[in-house]
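# Overview (structure and organization)
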Amino acid sequence: MHDPARKRAQDREILRLAVPAFFALVAEPLFILADAAIIGHLGTPQLAGLGVAGAVLGTLVNLCVFLAYATTAGVARLLGAGDRRGAIRQGIDGVWLAAIIGTVLLVIGAGAAPAIVAAFDASSTAAPHATTYLRISSLGIPAMLIVLAATGVLRGLQDTRTPLVVAVAGFGANLVLNLALVYGADLGIAGSAWGTVIAQWSMAAAYLVVVVRGARANDARLTPDLAGLRASAAAGAPLFVRTVSLRAILLIGAVAATRMGDTEIATHQVAWQLWTFLAFALDALAIAAQAIVGRALGAGDVAGARWATRRMLAWSVWTGLAFGAVVLAARPLYIPWFTGDPEVRDLLAAVLLAAAALQPVAGPVFVLDGVLIGAGDGRFLALTMPGVLAVFAGVVAGVLTLGGGLVALWWCAIGAFMASRLVVLGLRARGDAWLVTGASVKGRR
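Attention in this report is confined to the structure presented alongside it. These numbers come from a predicted model, not from an experiment. (Residues numbered from 1 in each chain as written. Predicted model: local features only at pLDDT ≥ 70, side-chain atom pairs only at ≥ 80, totals over all residues. Heavy atoms only, no water.)

## As for the overall build of the protein chain
Selection criterion: Runs of E in the DSSP output that reach at least two residues are strands. Runs of H or I that reach at least four are helices, and both are numbered from the N terminus. Our radius of gyration is a C-alpha quantity, and the globule rule it is checked against amounts to 2.2 Å times the number of residues to the power 0.38. Partly exposed residues are those whose accessible area sits between 20% and 50% of the maximum for their type, while under 20% is buried and over 50% is exposed, using a 1.4 Å probe and protein chains only. Should any heavy atoms of two residues lie within 4.5 Å, those residues are considered in contact. Only the protein chains shown count as cover for residues, with accessible areas throughout obtained via the Shrake-Rupley method and a probe of 1.4 Å.
In terms of helices and strands, the protein chain carries 16 helices and zero strands. The C-alpha radius of gyration of the protein chain comes to 22 Å, within 12% of the 22 Å expected for a compact globule of 445 residues. Principal-axis analysis of the C-alpha atoms places the extent of the protein chain at approximately 55 × 50 × 35 Å. Residues classed as buried in the protein chain amount to 51% of the 445 residues present. In the protein chain, of all internal contacts separated by at least 6 residues, the share reaching a separation of at least 24 is 83%. Entry remark: accessible area of the protein chain is about 18,700 Å², with carbon and sulfur atoms responsible for 69%.

What follows is the structure in structure tokens.
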């Protein structure tokens, strides 16, 4: 249990998967910020339109992240069982499912763009820009979902380097295209949307080349299989429920902050963006957990799955402590970047105390979430996340009823949210019900 050589080997494997995943994850929000800066120079109505359309597209992508997670787990399990051909075949079914869902969402997004924008009650100056951006960007939805599923295939095959290369190249191309089409071609916000669509389809094409090459090398079929599509959908459905609960928590928190006042919602948005950035970073370990645990259980190596879980939990605690310390110590340096309002600055400094304190909790939560996703334990996550949502909503209601402010919301509600997830996931991981071995998760308790 305390073999130093084994510990070093495990740490090397975790780093091999987590480090490229980390840079791929943080690349996306950085380039999104760059896109916002490009459109922001066109004017406030254009930026507001991007905000509305971006919220719609971001929600769709976040709700469909199960395409990556379920595919990672299934492919890793089959790889561990020694069936590389079957692993790639299952991954291809996941890509086909992504293409089907993406096509449906494309039709809905393009056709219903005006109605969707109207539901946000956007201003008369922002609504046309939001509609334009959403209609054009809908053409890229199938590509976005294909990228999610194909990323899951490669992660399941223990390859996080290729997604890093594609992410950096794709988001870099997006930045160049946005500059060229928005300013060079003078297309305005439409140019930004077209640049993003072209970059998304380029990324999807790059992934498809890699996946097709792997399929041909292993004599795996490329055509969709009805049973495989049903299996991919069944594996993803519980993770979809989990994600819906998480999105609801985000929405409830934003609504509560809005009711407290303009200073509070402005502060909450900045604090939540910082929290989300840190979550992307910590998710790198969760991705490593999905790949390593899925492969170990596929190989029937229960001891290896538990060993890897313990090592990644240790990494997550230390990483969380490091992130918390940086958030705390560097507040005077980065808070002025976000606002010049002294009230928002003071409140943000207080809120970030809670955010920093919760990082050592967030690290293990994300890793345990990744462990159970990698084990194919999506049904448990789907059944328990609504309970966590209820805890969060109850504490938020209590904070509002008692007249607590934003600091209380973060310490009490978000603290309860993370603590309840840690308890639920920790108790599950201590047991044996998630340790189902073999090429499939039939027999899950």
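## Examining the pattern of salt bridges
Applicable threshold: What counts as a salt bridge is simple: a side-chain nitrogen of Lys or Arg found within 4 Å of a carboxyl oxygen of Asp or Glu.
Summed over the entire model, instances satisfying the criterion amount to seven salt bridges. Among the ionic pairs, aspartate 369 bridges to arginine 242, the shortest N-O distance being 2.5 Å. With a gap of 127 residues between them, aspartate 369 in helix H14 (residues 342-374) and arginine 242 in helix H10 (residues 226-260) connect regions that are remote in the sequence. For aspartate 369, a relative accessible area of 7% corresponds to the buried category. Since its relative accessible area comes to 6%, arginine 242 is described here as buried.

## What to know about the nonpolar core
The test is simple: Throughout this description, the term nonpolar core refers to a set of buried Ala, Val, Leu, Ile, Met, Phe, Trp, Tyr and Cys residues connected via side-chain atoms within 4.5 Å.
Core analysis: the biggest nonpolar cluster contains 130 residues, and Leu67, Trp275, Met312 and Trp410 have the highest contact counts within it. Looking at which element gives the most residues to this core, the answer is helix H11 (residues 262-298), with 18 residues. In this structure, tryptophan 275 is in contact with Ala355, Leu358, Gln359, Ala362, Trp410, Ile414 and Met418, ignoring residues within four places of it in sequence.

## Remarks on the side chain of glutamine 359
Along the polypeptide, glutamine 359 turns up in helix H14. Classification of glutamine 359 by relative accessible area gives buried; the value is 1%. Ignoring sequence-local partners within four residues, the contact set of glutamine 359 consists of Trp275, Leu278, Leu282, Gly320, Phe323 and Gly324.

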